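# A closer look at the structure
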Amino acid sequence: MTREERRALLGDDVIADIHEQVAAAPEPSPDLVEELRRIMTRPGGRVPEAPPAATEADAA
């Protein structure tokens, strides 16, 4: 969605209110920033390893 599309959808008053609320919000703590950094860099957590492939002996 482009900036123009958001503006058409929300309107100038809503966008101005969002900007005011963001400006009034306190700065996040370093702990919160680190936690969010981990979430954003690995949103799904660790990728599980694939199980070993079945052999012909296992199938018998």
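Residues numbered from 1 in each chain as written. Predicted model: local features only at pLDDT ≥ 70, side-chain atom pairs only at ≥ 80, totals over all residues. Heavy atoms only, no water.

### Quick look at the pattern of salt bridges
Counting across every chain of the model gives three salt bridges. In this structure, E34 and R37 form a salt bridge, with 3.2 Å as the shortest nitrogen-oxygen distance. Here E34 pairs with R37, and both are found in helix α3 (residues 30-41), just three residues apart, close to one helical turn. Judged by relative accessible area, E34 falls into the partly exposed class, the value being 36%. Its salt-bridge partner being E35, residue R38 comes within 2.5 Å of it at the nearest N-O pair. Here R38 and its partner E35 are both found in helix α3, three residues apart, which amounts to about one turn of the helix. Take E35: its relative accessible area is 37%, and that puts it in the partly exposed class. (Salt bridge = Lys/Arg side-chain N within 4 Å of Asp/Glu carboxyl O. Helix = DSSP H or I, 4+ residues; strand = E, 2+ residues; numbered from the N terminus. Buried < 20%, exposed > 50% of the residue type's maximum accessible area, 1.4 Å probe, protein only.)

### Brief notes about the packing of helix α1 (residues 3-10) against helix α2 (residues 12-24)
In contact at an axis separation of 6 Å, α1 and α2 are set at 105° when each is read in the N-to-C sense. The angle between α1 and α2 falls in the class roughly perpendicular. Facing R6, R7 and L10 of α1, the residues of α2 in contact are D12, V14, I15 and I18. A breakdown of the residues in the contact of α1 with α2 according to their chemical character gives four nonpolar, no polar and three charged. (Axes fitted to C-alpha atoms, helices over the stretch in contact; angles between N-to-C directions. Parallel < 35°, antiparallel > 145°, perpendicular 65-115°, else oblique. Contact = heavy atoms within 4.5 Å. Nonpolar A, V, L, I, M, F, W, Y, C, P; charged D, E, K, R; others polar.)

The values reported here are purely geometric and, on their own, carry no functional implication.
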